[in-house]
Amino acid sequence: MPTWQYILLFGTVILGGGAGFYFQKEKKGLLQVVLSFSGAYILGITVLHLMPSVFSSGEGYTGLWILGGFFMQLLLEQLSAGVEHGHIHAPHKVSIGFVISVMAGLGIHAFIEGIPLSYYGQLHELHAGHSHTSNHFLFGIVLHHIPAAFALVIMLLMSKLKKRIVWLCLIVFATMSPLGALLASIAIIPPGLQSGILGFAIGSLLHIATVILFEMDSSSHQYISRKKLGAIAAGLAISILTIL
Ligand SMILES: [Zn+2]
Ligand SMILES: [Zn+2]
């Protein structure tokens, strides 16, 4: 994976989280709009590019890997209190256990997602039946990790954690996807396992995208504001443009 992709992965999480130190709660509306956009974009690229790549790779059990990733993400979000999809639930009393749990949920997710990044380009070129650049997967990850980092920082600050510790948590989160990609590029992963892990990452992306899109307006059931509807339409449109 080229160096600029590592820098982008790491840098955008730091920027997204860094913004959390300055804006805090009054920007929750903006967070929702960014999330809606990323949810729609992720769903789009997953169905249009990622799924064709794994299903046409000819490896067995692809569907099982996807289901595994989907339900694994459901379990991980029990640990992370839902920061992946921008949920900010701070406990009244901060405990070290809560912080470790959030970081584990988020970190494992980001690490697993980083692994297929290192070989996705080749896999996509071989199997998707259309040729173009394969940066959409990278952008899909970046797009939902920015709001996740933002939500993480706000949640940790709300639980009265020291700023230094919050920065440390942010840096750990920012390191996980690049680390997954780096280790995968050093290790020799057999082709069957490659598409399996990509399938697993697809499952978790499907979970995140659908939760973002379905849970957006927990305050006003079934009603989606125009701003969010616009953001969803834009995310979907841009994902569709990538196959044209
Ligand atoms: Zn494609
Ligand atoms: Zn992710």
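Summarised in this report is the structure supplied together with it. Remember, predicted model here, so these are calculated numbers, not experimental data. Within any chain, residue numbers begin from 1 and follow the written order of that chain's sequence. Following the order in which they are written, the chains are lettered starting with A and the ligands numbered starting with 1. Totals for whole chains, interfaces and linings use all residues, but because this is a predicted model, local features are given only for residues with pLDDT of at least 70 and pairs of side-chain atoms are given and counted only at 80 or more. Side-chain measures were taken over the full set of non-hydrogen atoms in the model, leaving aside hydrogen atoms and water.

1. Remarks on a nonpolar patch on the surface
What goes into a patch is any residue over 30% in relative accessible area without a salt bridge, connected to like charges within 9 Å or, for nonpolar side chains (Val, Leu, Ile, Met, Phe, Trp, Tyr), within 5 Å. Working definition of accessibility: Shrake-Rupley area with a 1.4 Å probe, residue cover restricted to the visible protein chains. Salt bridges are counted wherever a side-chain nitrogen of Lys or Arg sits within 4 Å of a carboxyl oxygen of Asp or Glu. A surface patch of nonpolar side chains, amounting to about 670 Å² of accessible area, comprises Tyr61, Leu64, Leu67, Phe71, Leu74 and Leu75. Helix and strand definitions here come from DSSP, where helices need a minimum of 4 consecutive H or I residues and strands a minimum of 2 consecutive E residues; each element is numbered from the N-terminal end. In this fold, Tyr61 is placed in the loop between helix 2 (28-55) and helix 3 (62-80). The class of Tyr61 is exposed, set by a relative accessible area of 65%. Think of it in three bands: residues with accessible area under 20% of the maximum for their type are buried, residues over 50% are exposed, and the middle band is partly exposed, with areas taken using a 1.4 Å probe on protein chains only.

2. Concerning helix 6 (residues 135-158)
If you check helix 6, its first and last C-alpha atoms are 35 Å apart, about what 24 residues at 1.5 Å a residue would give, namely 34 Å. Along helix 6, 20 of the 24 residues are buried, which leaves the element largely enclosed by surrounding structure. Positive backbone phi, approximately 60°, marks Lys160, located one or two places after helix 6. Here the expected length of a helix is defined as 1.5 Å per residue gap, with one fewer gap than residues.

3. Remarks on the coordination of the zinc ion (ligand 2)
Any N, O or S atom lying within 2.8 Å of the metal counts as a donor, with the limit raised to 3.2 Å for Na, K and Ca; because water is left out of the atom set, some sites can appear incomplete. For the zinc ion (ligand 2), every protein donor is listed as His109 (NE2), Glu113 (OE), His144 (NE2) and His145 (NE2), and the spread of their distances is 1.9 to 2.0 Å. Each label reflects the angles at the metal, where four donors whose angles all fall between 85 and 135 degrees are tetrahedral, four or six donors whose opposite pairs open beyond 155 degrees and whose other angles stay between 65 and 115 are square planar or octahedral respectively, and the rest are irregular. Coordination at the zinc ion (ligand 2) is tetrahedral: its four donor atoms span angles of 92 to 121° at the metal. Counting along the primary sequence, the residues that act as donors to the zinc ion (ligand 2) give the motif H-x3-E-x30-H-H. Within this pair, whereas Glu113 is found in helix 4 (residues 96-117), its partner His145 is found in helix 6, the two being separated by 32 residues in sequence. The exposure classification of Glu113 matches that of His145, with both residues buried.

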